[in-house]
Amino acid sequence: EAAVTQSPRNKVAVTGGKVTLSCNQTNNHNNMYWYRQDTGHGLRLIHYSYGAGSTEKGDIPDGYKASRPSQENFSLILELATPSQTSVYFCASGEQANSDYTFGSGTRLLVI
Amino acid sequence: QQQVRQSPQSLTVWEGETAILNCSYENSAFDYFPWYQQFPGEGPALLISILSVSDKKEDGRFTIFFNKREKKLSLHIADSQPGDSATYFCAASAWGGGYKVVFGSGTRLLVSP
């Protein structure tokens, strides 16, 4: 069954530390996305990728980096985590830039 | 700039009632409108979608009504059930135009038994 799997499910990080959130998809979709979800803001796009080796800035990229080493894997990297990055992060994949998305179950990140 | 707006932010209905969730958009280029359903602790999942060439799309108890002239659409959930309690996101994109999907901020629906 095609799926998007995120790890870890929950993460506690210290301010200033490095955090890597991982995402793996078995849909063979070209496009992958990282969103954060906060109350009152819905889903906000951080970074996205059109394929292996590509990363693009979304609407709120500051403080985040992304890496797409393969078709299946897309990582979100917080080099210097801050409390304002406490949120729930979702990875998604889609066949095209404007097609339906398949979302992972999310990673709940707490930065203390 | 919020390109896709949803209202209300939260909605409570009784079991058996019809829940109506509203959505509006600004970009005339948008022509594809998926709705996603999200349960607590899970990621959003596609529920139903509509292309702008249609003014109505039904899937069981879920119906989208679309008004292209007014740039508005709504999701009607008939005979609401407690299991429908979730957050619903309206989204928009330009099918074939290369735009990314733009999400609204969501409506949290609670169906009381």
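As shown above, the structure is provided for reference.
These numbers were taken from a predicted model, which means no experiment stands behind them.

Take the state of the cysteines next. All names here are of chain B. Under the counting rule described, the total for this entry stands at two disulfides over all chains. Put simply, C23 and C90 are joined by a disulfide, and their sulfur atoms are 2.0 Å apart. Its torsion about the S-S bond being -70 degrees, the disulfide of C23 and C90 is classed as left-handed. Note that C23 is positioned in strand β3 (residues 19-25) and C90 in strand β9 (residues 86-92), a separation of 67 residues in sequence. Here C23 and C90 have matching classes, each one buried.

A separate point is the sheet that holds strand β1 (residues 4-7) of chain A. Residue and element names in this part refer to chain A. Sheet architecture is open: four strands sit in the order β1-β3-β8-β7, paired in antiparallel fashion. Each edge of the open sheet is held by one strand with a lone partner, namely β1 and β7 (65-67). Across this sheet, the average inter-strand angle for adjacent strands is 20 degrees, counted without regard to direction. Two elements, β7 and strand β8 (residues 73-78), share three bridges in a ladder whose sense is antiparallel.

Residue and element names in this part refer to chain B. As judged from the four bridges shared by strand β6 (residues 56-59) and strand β7 (residues 62-67), these two strands associate in the antiparallel manner. Within β7, the residue paired with D59 across the bridge is F62. Turn length for the β6-β7 hairpin, with the two strands adjacent in sequence and antiparallel, is two residues, and the turn residue G60 shows positive phi of about 65 degrees. Two elements, β7 and strand β8 (residues 72-77), share six bridges in a ladder whose sense is antiparallel. Across the sheet, the residue bridging to I64 is L75, located in β8. Counted along the chain from β7 to the antiparallel partner β8, the turn is four residues long, and its residue K71 has a positive phi close to 55 degrees.

Next up on the list: the side chain of R36(A). Residues and elements named next belong to chain A. By the secondary structure assignment, R36 is in strand β4 (residues 31-38). R36 sits in the buried class, given a relative accessible area of 8%. In terms of polar contacts, R36 uses its side chain to reach the side chain of D38, at 2.8 Å. A polar contact is formed between the side chain of R36 and the backbone oxygen of S84, at a distance of 3.0 Å. Those residues within four positions of R36 in sequence are excluded, and the remaining contacts are G42, L43, R44, I46, I60, Y64, S84, Q85, T86, S87, V88 and Y89.

Each partner contributes residues to the interface: chain B has 22 residues there, and chain A has 19 residues. Taken together, the two surfaces of chain B and chain A that pack against each other cover about 1,600 Å², and 54% of this comes from carbon and sulfur. Of all residues in chain B, P44(B), K100(B) and F103(B) give up the largest surface area on contact with chain A, accounting jointly for 32% of the area buried on that side. The interface formed by chain B and chain A contains zero salt bridges. The tally of links from chain B across to chain A stands at five residue pairs in polar contact (both at pLDDT 80 or more). Per-element accounting of the side of chain B that touches chain A gives the leading share, four residues, to strand β4 (residues 32-38) of chain B. Here the residues of the side of chain B that touches chain A are counted per class, giving eleven nonpolar, nine polar and two charged.

Turning our attention to the nonpolar core. Counting 25 residues, the largest nonpolar core has W35(B), L73(B), L75(B) and Y88(B) as its most contacted members. Contributions of two or more residues to this core are made by β2 (10-14), β3, β4, β5 (45-51), β7, β8, β9 and β11 (107-112) of chain B. Setting aside residues no more than four positions away along its own chain, L75(B) makes contact with A19(B), I20(B), L21(B), W35(B), L47(B), I48(B), F62(B), T63(B), I64(B) and Y88(B). Counting residues in each nonpolar core, the second largest holds 18 residues, with V19(A), Y64(A), C91(A) and L109(A) among its members.

Reading the values: the criteria
- Residues numbered from 1 in each chain as written.
- Chains lettered and ligands numbered in written order.
- Predicted model: local features only at pLDDT ≥ 70, side-chain atom pairs only at ≥ 80, totals over all residues.
- Heavy atoms only, no water.
- Disulfide = S-S within 2.5 Å.
- Helix = DSSP H or I, 4+ residues; strand = E, 2+ residues; numbered from the N terminus.
- Buried < 20%, exposed > 50% of the residue type's maximum accessible area, 1.4 Å probe, protein only.
- Pairing = 2+ DSSP bridges.
- Axes fitted to C-alpha atoms, helices over the stretch in contact; angles between N-to-C directions.
- Polar contact = N/O pair within 3.5 Å; in protein donor to acceptor, adjacent residues only side chain to side chain.
- Contact = heavy atoms within 4.5 Å.
- Buried area = accessible area lost by both parts, 1.4 Å probe.
- Salt bridge = Lys/Arg side-chain N within 4 Å of Asp/Glu carboxyl O.
- Nonpolar A, V, L, I, M, F, W, Y, C, P; charged D, E, K, R; others polar.
- Core = buried A, V, L, I, M, F, W, Y, C linked by side-chain atoms within 4.5 Å.

Honestly, that's just the spatial picture; any functional story needs more than this.
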